Amino acid sequence: MYTLGINAVFHDSSACLVKDGLLIAAAEDERFTHIKHGKRPIPFSTYELPFHAIDYCLKVAGITLKEVDHIAYSFNPHLLVPEDEVNQPLTYIPFYPSLQTQAEKEPWNNLFLSSILNAPAQLVDGYPHHLQKRFRDCTEKDWSWHYVEHHLSHAASAYLPSPYMDAAVMTMDGRGELATTTYNVGQHNELTRIGQVNLPHSFGLLYERLTTHLGFLHSSDEYKVMALASYGKPTFVKDFREIIKIGSDGQYTIENENFVERFGLPRLGEAPFTGHHFDLAHSLQLVLEESVLEITNWLQESTKQDNLCLAGGVALNCVLNGKIRARGRFKKVWVQPASGDSGTALGAALYIDQQEKPTSGKSFVMNHAYWGPEYTDQEIEKFLNWAKVPYKKMLDVAEETAQILCENKIIGWFQGRMEFGPRALGSRSILASPIDMNMQSRLNEVKAREDFRPVAPVVLEEDAAEWFKEANKSPFMLFIFDVSEDKAGQIPAVKHIDGTARIQTINEAQHPIYYQLLKAFKEKTGVPVLVNTSFNTLGRPIVCSPQDAVECFWTSPFDALVMGSFLIEKEYERKDYSNHSYLQKKEAID
């Protein structure tokens, strides 16, 4: 039984394919279209479906859309459209809402909902022409279509692929249909909701508002606010405690404050940062942490569970996650690596699969996030020859790459299946040595990022606790830990201003060549840590294909690119490349 999961409503459009309870493939549409987040979360883009991501998933399974049994769409419009209106032939949409004397609060809501209700028809005949191979000749009767509530999709993505049979499950994001936060209990692959917080009260939307106020792009740059917070002081804690009010039973309210009146004029995007901006970010982050920690403690008391599963955009706040794990009452915490909206495609698909074929045991545990496209050495070499890119085939990828890193060079690292979710985890990464204290600023320059942005470390799983205080398995880079004081001087590039680091741990089973590279670097330097940041530049998604990687490499000041077994360096003109494959073939042709 094939179940296709689709996320398409707001942003981070994505698709995944589940076969009999097992995940086969998952990817965000942005990686194929090169449009960051797939699209902006506005009513006029709701109709856009992640056709490229769907096509990739079908390709991996070797099937066409017609062969899919169930389609799970991670939003339920019937929670917002009265039943007596669903079948009406016409609906009201204003031409110019601003000219109406009594304009609706959400004038484009009908357009938004119409796009969702017509998604099955759009899937049948709205696909791009070049993807017709796997989409053509379909009808809406070829599968069963399921609308799955947005936060149920988040909850399912957190619980069903987690390592726990019994757990409390909490979801927090900007918004769903009605809910912004939900509390659930997961037992024997079933989810029971015990509470929720509805719009307009939303931690996610509050964080988005401050993101905008600080001159960043909302629904995109919230992680920058989290990074900015480390530089500030709790100057505005009292203000945010007045805005956020925690009630009983997990309830909370968010006052709809006028930020300009309370905090002054917003920062323009190109303006310099001041202490005022740092303090705003710090204060909201601190109050968010104390508020959510209070709620998670209530949830543990109410459910008596030892395990907690998290999803939703707020769960991408690794500083918050670290506080929940270190100071909360749950013994274990698991966070869905694709906690943003992209992960709802996975949750919806797993939920429908479980409903159609109930099982009491775990058939799938998400031990890694490598579910995207991969390319063989043969495919990579074919592209390099076609593009006339000089290259060298390495005999020992880990050993030779480790040596380049020891020379303090920055490399693009392209290996295996692409990651699902927003984090680069060693398949589409930029890697560097953490030993040079200037590496953080070098990488921010390479990627055209703000200079306050930290870079994150990857560490051998068996060495994590020695280099980072109380660290244990953290394969998805979703928790922060303090850098061990006796090791900090050896890895200054990855130590943030507050002494923490957002770590990724790696073992050989998760990603063999990545693990072997860390081992080789450790043998040469005594340091089992590398800097790992995403393989992309400002405003662009993480690279997906060899062509994406080469284009990014040649238009950015990296030193080397390692794709599969192949090495491309920008210093080739100063070296003897007579034994390099492309040049050998060119001479033979000449």
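Reading the values: rules and limits
- Residues numbered from 1 in each chain as written.
- Predicted model: local features only at pLDDT ≥ 70, side-chain atom pairs only at ≥ 80, totals over all residues.
- Heavy atoms only, no water.
- Helix = DSSP H or I, 4+ residues; strand = E, 2+ residues; numbered from the N terminus.
- Rg over C-alpha atoms; globule rule 2.2 N^0.38 Å.
- Buried < 20%, exposed > 50% of the residue type's maximum accessible area, 1.4 Å probe, protein only.
- Contact = heavy atoms within 4.5 Å.
- Areas by Shrake-Rupley, 256 points an atom, 1.4 Å probe, with all protein chains shown as cover.
- Lys, Arg positive; Asp, Glu negative; His and termini not counted.
- Charge placed at Lys NZ, Arg CZ, Asp CG, Glu CD.
- Phe/Tyr/Trp six-rings, centres within 6.5 Å; stacked < 30°, edge-to-face > 60°.
- Lys NZ or Arg CZ within 6 Å of the ring centre and 35° of its normal.
- 1 Å grid on protein atoms, 1.4 Å probe; cavity = no way out; pocket = protein on both sides within 12 Å on 5 of 7 lines; lining within 4 Å.
- Points joined across faces, edges and corners; volume = space filled by probe spheres on them.
- Nonpolar A, V, L, I, M, F, W, Y, C, P; charged D, E, K, R; others polar.
- Axes fitted to C-alpha atoms, helices over the stretch in contact; angles between N-to-C directions.
- Parallel < 35°, antiparallel > 145°, perpendicular 65-115°, else oblique.
- Pairing = 2+ DSSP bridges.
- pLDDT = per-residue confidence, 0-100.
- Core = buried A, V, L, I, M, F, W, Y, C linked by side-chain atoms within 4.5 Å.
- Expected span 1.5 Å × (residues − 1).
- Salt bridge = Lys/Arg side-chain N within 4 Å of Asp/Glu carboxyl O.

Draft legend 1. Region of interest: the overall build of the protein. What the protein contains, in helices and strands, is 21 helices and 22 strands. In terms of overall size, the protein behaves like a compact globule, its C-alpha atoms giving a radius of gyration of 24 Å where 590 residues would be expected to give roughly 25 Å. Seen through its C-alpha atoms, the protein measures out along the principal axes to roughly 75 × 60 × 55 Å. Put simply, the protein has 590 residues, and 57% of those count as buried. In the protein, of all internal contacts separated by at least 6 residues, the share reaching a separation of at least 24 is 71%. Summed over all atoms, the accessible surface of the protein reaches about 24,700 Å², with 51% contributed by carbon and sulfur. Across the protein, 57 positive and 75 negative side-chain charges occur, with their mean positions spaced 3 Å apart.

Draft legend 2. Geometry of the packing of aromatic side chains. Under the defined criterion, the tally for this structure stands at 29 aromatic pairs. Aromatic ring contacts, followed pair by pair, group F216, Y231, F273, F278 and F452 into a single cluster. Residue placement shows R209 over the ring face of F259; its charged tip is 4.1 Å from the ring centre. Between the NZ or CZ atom of R428 and the centre of the ring of F414, over which it lies, the distance is 3.8 Å.

Draft legend 3. A look at empty space enclosed by the protein. Evaluated as defined, the whole model comprises three cavities of 30 Å³ or more. One number sums up the size of the largest cavity: a volume of about 70 Å³. At the level of secondary structure, the elements contributing two or more residues to the lining of the largest cavity comprise β6 (166-172), β11 (307-311) and α13 (318-327). Of the residues belonging to the lining of the largest cavity, the class tally is nine nonpolar, two polar and no charged.

Draft legend 4. A look at the packing of helix α8 (residues 203-213) against helix α9 (residues 222-229). Contact geometry of α8 with α9 gives a least axis separation of 9 Å together with a crossing angle of 75°. In terms of their interaxial angle, α8 and α9 are classed as roughly perpendicular. Residue-level contacts link Y207, E208, L210 and T211 of α8 to E222, V225 and M226 of α9. Looking at the contact of α8 with α9 residue by residue, the class counts come to four nonpolar, one polar and two charged.

Draft legend 5. Geometry of the pairing of strand β15 (residues 428-432). Burial runs high along β15: five of the five residues are buried. Across the two faces of β15 the burial is the same, with R428, I430 and A432 and S429 and L431 all buried. Of the pairings in the sheet, the one linking β15 to strand β20 (residues 529-534) comprises four bridges and is antiparallel in character. If you follow L431 over to β20, its bridge partner there is N532.

Draft legend 6. Structural view of the confidence of the model for the protein. Per-residue pLDDT for the protein averages 93, and the proportion of residues at 70 or more is 96%. Residue range residues 582-590 is modelled with pLDDT below 50. Its contacts to residues more than four positions away, or to other chains, number 11 contacts.

Draft legend 7. Local environment of the nonpolar core. Within the largest apolar cluster, 140 residues are counted, with the highest numbers of intra-cluster contacts made by M170, F203, F240, L308, L384, F468 and M563. When sequence neighbours within four positions are dropped, the list of residues in contact with F203 reads M172, I244, I246, Y252, I254, L288, S291, V292, I295 and V314.

Draft legend 8. The arrangement of helix α20 (residues 546-554) in detail. Taken as a whole, α20 has its buried residues at P546, D548, A549, V550, C552 and F553. Residues of α20 that are buried make contact with α1 (30-33), α15 (377-386), β14 (411-414), β21 (560-563) and β22 (566-569).

Draft legend 9. Spotlight on helix α12 (residues 275-303). Over its 29 residues, α12 extends 42 Å from the first C-alpha to the last, a length consistent with the 42 Å expected when each residue adds 1.5 Å. In terms of residue burial, α12 counts as a mostly covered element, since 21 of its 29 residues are buried.

Draft legend 10. Expanded view of the sheet that holds strand β16 (residues 456-460). With mixed pairing, the eight strands of this open sheet are ordered in space as β13-β22-β21-β14-β15-β20-β16-β19. Edge positions in the sheet fall to β13 (392-393) and β19 (504-506), since each of these pairs with one other strand and no more. Direction of pairing for β13 relative to β22: antiparallel, over a ladder of two bridges. When the bridges of β22 are listed, K393 appears paired with F566.

Draft legend 11. The arrangement of the environment of I243 in detail. Topologically, I243 is positioned in helix α10 (residues 237-243). The sequence separation of I243 and V287 amounts to 44 residues, and the corresponding C-alpha distance is 9.9 Å. The contacts of I243, once residues within four sequence positions are left out, are L206, T253, I254, E255, E257, F259, R262 and F263.

Draft legend 12. Layout of unusual backbone geometry. In this chain, L199 is followed by P200 through a cis amide linkage whose omega measures 10°. Here P200 lies in the loop between β8 (190-198) and α8. In the Ramachandran plot, S219 falls in the positive-phi region, its phi being about 60° despite a non-glycine side chain. Among the residues examined, S219 registers a relative accessible area of 9% and is labelled buried. A positive phi is found at K388, a non-glycine position, where the angle reads about 60°. Mapped onto the secondary structure, K388 falls in the loop between α15 and β13.

Draft legend 13. Local environment of the pattern of salt bridges. Taken as a whole and assessed by the stated rule, the structure comprises 23 salt bridges. Across the salt bridge formed by E28 and R31, the nearest N and O atoms sit 3.7 Å from each other. Each of the two residues, E28 as well as R31, counts as buried. For D55, the salt bridge identified is with R134, shortest N-O distance 3.1 Å. Taken together, the residues D55 in helix α2 (residues 51-61) and R134 in helix α6 (residues 132-135) connect sequence positions 79 residues apart. For the pair D55 and R134, a shared accessibility class is recorded, and that class is buried. If you follow the salt bridges from partner to partner, you end up with K238, D239, E242, E257 and R262 in one network.

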